[in-house]
Amino acid sequence: MMDTRIVFKSIAPLASRCYSHGRVETDEEFDAGWVTYFSKPDIDAWELRKGMNTLIGYDLVPEAKTVDSALRACRRLNDMASAIRILEAVKDKAGPHKEIYPYLIQELQPTLSELGISTPEQLGMDKL
């Protein structure tokens, strides 16, 4: 009688972890990189949106100085709709931590006043 058993041999390599041994970016360097990105004098609307989309994709709420530089980029581009969207995105990223967004607005208030940017709440958008 013929042996019909099939022997399965593992051909997949063993899982291994690859760790980067490179330098780890500090929080300050991370923030400074984004401030520099949004502070480019020749930033265009696509770069602004791409940068914000990338930044919002991280598991963090952006620092006030980063949001400040993004709002200033909106003003340079005369794009107030994007400024409002940025504030909405930051509020959304704060999620259940209800104290973060009011703190950021408090920190950004001088910039908002200087640039003539209204918050979504001032525009009544939080009531929709």
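About the criteria used
Residues numbered from 1 in each chain as written. Predicted model: local features only at pLDDT ≥ 70, side-chain atom pairs only at ≥ 80, totals over all residues. Heavy atoms only, no water. Helix = DSSP H or I, 4+ residues; strand = E, 2+ residues; numbered from the N terminus. Buried < 20%, exposed > 50% of the residue type's maximum accessible area, 1.4 Å probe, protein only. Contact = heavy atoms within 4.5 Å. Expected span 1.5 Å × (residues − 1). Bend = angle between axes of the 7 residues up to and from the residue. Phe/Tyr/Trp six-rings, centres within 6.5 Å; stacked < 30°, edge-to-face > 60°.

Novice: Sorry, what's going on with the overall build of the protein chain here?
Specialist: Looking only at helices and strands, the protein chain features five helices and zero strands. The helix and strand sequence of the protein chain, counted from the amino end, reads α-α-α-α-α. Counting every position in the protein chain, which comprises 128 residues, the buried fraction comes to 30%. The long-range share in the protein chain, meaning contacts at least 24 apart out of those at least 6 apart in sequence, stands at 64%.

Novice: What's the story with helix H5 (residues 100–115) in this structure? I'm lost.
Specialist: Since one α-helical turn is 3.6 residues long, residues separated by three or four positions face the same way. Spanning 16 residues, H5 covers 22 Å between terminal C-alpha atoms, matching the ideal 22 Å at 1.5 Å per step. Most pronounced at Leu108, the bend in H5 amounts to some 55°, and the proline Pro110 follows within four residues. Of all the positions in H5, only Tyr101, Leu104, Ile105, Leu108, Thr111, Leu112 and Leu115 are classed as buried. Along its buried surface, H5 packs onto helix H3 (64–76) and helix H4 (80–94).

Novice: How do you make sense of the packing of aromatic side chains when you look at a structure like this?
Specialist: The description of an aromatic ring pair uses the distance of the two centres, along with the angle that the planes make with each other. The full count for this structure, using the stated rule, is six aromatic pairs. Between Phe30 and Trp34, the ring centres sit 6.5 Å apart and the planes meet at 65°, which makes this aromatic pair edge-to-face. Placement of the pair is Phe30 and Trp34 together in helix H1 (residues 27–38), with a separation of four residues, close to one helical turn. In this structure, Phe30 and Trp34 share a single accessibility class: buried. Put simply, the rings of Phe30, Trp34, Tyr37, Phe38 and Tyr58 pair up and form one aromatic cluster.

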